[in-house]
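Read off the chains here:
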Amino acid sequence: MTAFNLQNYYIGKLTESEDSANQFWLRYAKPFSVGETNWVLRASLPVNTVATPPDGSKSTSIGDLNIFSAYLFDTGNPAVSFGFGPQVTAPTASKDELGSEKWSAGLVNVLFNASSPKFQFGYLLSWQHSFAGSSTRETVNMAAFQPFAFYQLGGGTYLRTAPIWAYNLDNDNYSVPLGVGIGQVIKRGKTVFNIFVEPQWSVADKGPGQPKWQVYVGLNMQFMN
């Protein structure tokens, strides 16, 4: 399936600050083939809203574009997907303070196991390091791990968790949220709509600008090819 997702993080409080923030994501994903090999492509573009110095007024801008492509290995089970491949992030932010001003590249590894009709799980593991861009900005050297699990309640309703644990290898700052949410899947013709909400709370963090609590909501749309 081809997917187009609208996802939003409302961050109620940031570490070392009383400020709130918001991050809205546009995401597109599509499987494709090269010869006899199977791949999946995902492109993600954020729209960031944060308080900016010196007066703390809110500023909104598109952020940095991230694209990855993962080669899907033949696991012998069509319900189990395992992929590995490259990623790149481009400094597309229209305001300097809402992007890295760096080109970065790295690797991703993804697993999704849908063998059970009741419980599905997996993860997305990524790492990237800056290699070009503004010399006055901090080096990007980030690792992120997103475990996810879905428990089906029946009738298209499900429980979910999909936090993103991030670690900055350059300065040792990190963010480890946990959350539990609920979603509903609705099929209309050849389109599958997935609506969800997932509150998340930080259980461990270090450094400024990390979310203390946030609400993750989204509308994911899958179109049958």
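Note that the structure is predicted; figures quoted are calculated from it, not measured.

### With respect to the overall build of the protein
And step 1. The secondary structure content of the protein amounts to zero helices and 15 strands.
And step 2. Its C-alpha atoms give the protein a radius of gyration of 18 Å, within 12% of the compact-globule value 17 Å for 225 residues.
And step 3. C-alpha extents for the protein along the principal axes are approximately 50 × 40 × 30 Å.
And step 4. Counting all 225 residues of the protein, 39% fall into the buried class.
And step 5. Considering only intrachain contacts with a sequence separation of at least 6, the fraction spanning at least 24 residues in the protein is 51%.
And step 6. Placing the 15 positive and 15 negative side-chain charges of the protein at their respective mean positions leaves the two points 13 Å apart.

### Quick notes on the environment of proline 177
And step 1. Mapped onto the elements, proline 177 comes out in strand β12 (residues 174-179).
And step 2. Overall, the relative accessible area of 2% leaves proline 177 in the buried class.
And step 3. Spatially, the C-alpha atom of proline 177 lies 31 Å from that of lysine 187, the residues being ten residues apart in sequence.

### Some points on the nonpolar core
And step 1. One finds Tyr9, Trp25, Phe148, Phe150, Tyr158, Ala162, Phe196 and Tyr216 forming the largest nonpolar core, which totals eight residues.
And step 2. Among residues more than four places away in sequence, those in contact with tyrosine 9 are Ala21, Asn22, Gln23, Trp25, Ile164, Gln200, Gln214, Val215 and Tyr216.
And step 3. Ranked by size, the runner-up nonpolar core spans five residues in total, among them Phe68, Val108, Val110 and Leu124.

### Topic: the side chain of glutamine 214
And step 1. Looking at the secondary structure, you find glutamine 214 in strand β15 (residues 211-223).
And step 2. In this view, glutamine 214 contacts Tyr9, Tyr10, Ile11, Gly12, Pro177, Glu198, Pro199 and Gln200; residues no more than four positions away in its chain are not counted.

### Concerning the pairing of strand β11 (residues 165-168)
And step 1. Pairing geometry for strand β9 (residues 141-154) and β11, over four bridges, is antiparallel. Each residue of the ladder has a partner; that of alanine 144, found in β11, is alanine 166.
And step 2. Pairing of β11 with β12, which is carried by two bridges, proceeds in the antiparallel orientation. The partner of alanine 166 across the bridge, within β12, is serine 175.
And step 3. Two successive antiparallel strands, β11 and β12, enclose a turn made up of five residues, where aspartate 172 displays a positive phi of approximately 70 degrees.

### Considerations on the pairing of strand β13 (residues 181-188)
And step 1. Note that strand β10 (residues 157-161) and β13 share four bridges and pair antiparallel. Paired with leucine 159 across the strands is isoleucine 182, a residue of β13.
And step 2. Joining the antiparallel neighbours β13 and strand β14 (residues 191-206) is a turn of two residues, in which glycine 189 adopts a positive phi near 65 degrees.

### Notes on the pattern of salt bridges
And step 1. Tallied over the full model, the rule gives four salt bridges.
And step 2. One salt bridge connects glutamate 18 with lysine 13, and the closest N-O pair in it is separated by 3.7 Å.
And step 3. Take glutamate 18: its relative accessible area is 66%, and that puts it in the exposed class.
And step 4. The residue lysine 212 makes a salt bridge to aspartate 205 at a minimum N-O spacing of 3.3 Å.
And step 5. What makes aspartate 205 partly exposed here is its relative accessible area of 24%.

What counts, and where the lines are drawn
- Residues numbered from 1 in each chain as written.
- Predicted model: local features only at pLDDT ≥ 70, side-chain atom pairs only at ≥ 80, totals over all residues.
- Heavy atoms only, no water.
- Helix = DSSP H or I, 4+ residues; strand = E, 2+ residues; numbered from the N terminus.
- Rg over C-alpha atoms; globule rule 2.2 N^0.38 Å.
- Buried < 20%, exposed > 50% of the residue type's maximum accessible area, 1.4 Å probe, protein only.
- Contact = heavy atoms within 4.5 Å.
- Lys, Arg positive; Asp, Glu negative; His and termini not counted.
- Charge placed at Lys NZ, Arg CZ, Asp CG, Glu CD.
- Core = buried A, V, L, I, M, F, W, Y, C linked by side-chain atoms within 4.5 Å.
- Pairing = 2+ DSSP bridges.
- Salt bridge = Lys/Arg side-chain N within 4 Å of Asp/Glu carboxyl O.

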